[in-house]
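Summary of structural features
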Amino acid sequence: GAGVSQTPSNKVTEKGKYVELRCDPISGHTALYWYRQSLGQGPEFLIYFQGTGAADDSGLPNDRFFAVRPEGSVSTLKIQRTERGDSAVYLCASSRRTSGGRNEQFFGPGTRLTVL
Amino acid sequence: AQSVTQLDSHVSVSEGTPVLLRCNYSSSYSPSLFWYVQHPNKGLQLLLKYTSAATLVKGINGFEAEFKKSETSFHLTKPSAHMSDAAEYFCVVSDQKTSYDKVIFGPGTSLSVIP
């Protein structure tokens, strides 16, 4: 079946602009995660959704970052007033349900964001 | 607090020789541990996972890992490297005390396979 998809695959923007990154999780997966992966590093947790609500947004670096999942499926990560330091690959993952850390997360291919 | 250390940022092996990628973790509770692989321009793929069952875990593509609680280690091994194994490998820990699958990634080990 279809995996996690993310659009766009690449996004180039100018400093100060607003961007939206989209994630389509696997159908039926209620848990959705966003991560940020900087060059040469492992992915870092940003935010977790269970259904429509953001259950844990402790990884968002500041208030320029925001994410929504209005119908419990597709999620959008929004970044306002982009800065060059926001340049990274943004990864989305989904899983069937929460299970105290036992579930595999299925990852999308990522969106590579470049802020000039 | 959880953390993951991958002792080697880069490992290079010859094709057909064994692979060892090292991982040590820190967790206050019984952890789940995972190894993911990331090929260039592709998404992360699960190789294997440990969730408190058998301590020797077998995964895809001939990889396996052994959970050693006394050493807080979860090293990844493969008897014979193949060219297609060249990729970035991440050791990941999840604290089973949490109500959801929050994970911490290690910094990654880049594996090169020499023909």
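Above: the structure in question.
This text gives an overview of the structure that appears in the document.

Rules and cut-offs
Residues numbered from 1 in each chain as written. Chains lettered and ligands numbered in written order. Predicted model: local features only at pLDDT ≥ 70, side-chain atom pairs only at ≥ 80, totals over all residues. Heavy atoms only, no water. Helix = DSSP H or I, 4+ residues; strand = E, 2+ residues; numbered from the N terminus. Rg over C-alpha atoms; globule rule 2.2 N^0.38 Å. Buried < 20%, exposed > 50% of the residue type's maximum accessible area, 1.4 Å probe, protein only. Contact = heavy atoms within 4.5 Å. Areas by Shrake-Rupley, 256 points an atom, 1.4 Å probe, with all protein chains shown as cover. 1 Å grid on protein atoms, 1.4 Å probe; cavity = no way out; pocket = protein on both sides within 12 Å on 5 of 7 lines; lining within 4 Å. Points joined across faces, edges and corners; volume = space filled by probe spheres on them.

This paragraph deals with the overall build of chain A. In terms of regular secondary structure, chain A is built from zero helices and eleven strands. Shown N-terminal to C-terminal, the secondary structure of chain A runs as helices and strands in the order β-β-β-β-β-β-β-β-β-β-β. Its C-alpha atoms give chain A a radius of gyration of 13 Å, within 12% of the compact-globule value 13 Å for 116 residues. In terms of overall dimensions, chain A has C-alpha extents of about 40 × 25 × 25 Å along its principal axes. Looking at the 116 residues of chain A, the share that counts as buried comes to 47%. Across chain A, contacts joining residues at least 24 apart in sequence account for 53% of those joining residues at least 6 apart. For chain A, the accessible surface area stands at approximately 5500 Å², while carbon and sulfur atoms represent 46% of it.

Turning to empty space enclosed by the protein, a few remarks are in order. Empty pockets left among the atoms are what a rolling probe the size of a water molecule brings to light. All chains considered together, the criterion is met by one cavity of 30 Å³ or more. If you add up the space inside the largest cavity, you get close to 30 Å³. What lines the largest cavity is simply Asn103(A), Gln105(A), Phe107(A), Phe34(B), Tyr36(B), Val92(B), Val103(B) and Phe105(B). Contributions of two or more residues to the lining of the largest cavity are made by strand E5 (31-38) and strand E11 (103-105) of chain B.

Tracing the sequence through the fold places Thr76(A) in strand E8 (residues 75-79). Excluding residues that lie within four positions of it along the chain, Thr76(A) makes contacts with Glu20(A), Leu21(A), Trp34(A), Phe66(A), Ala67(A) and Val68(A).

The values reported here are purely geometric and, on their own, carry no functional implication.
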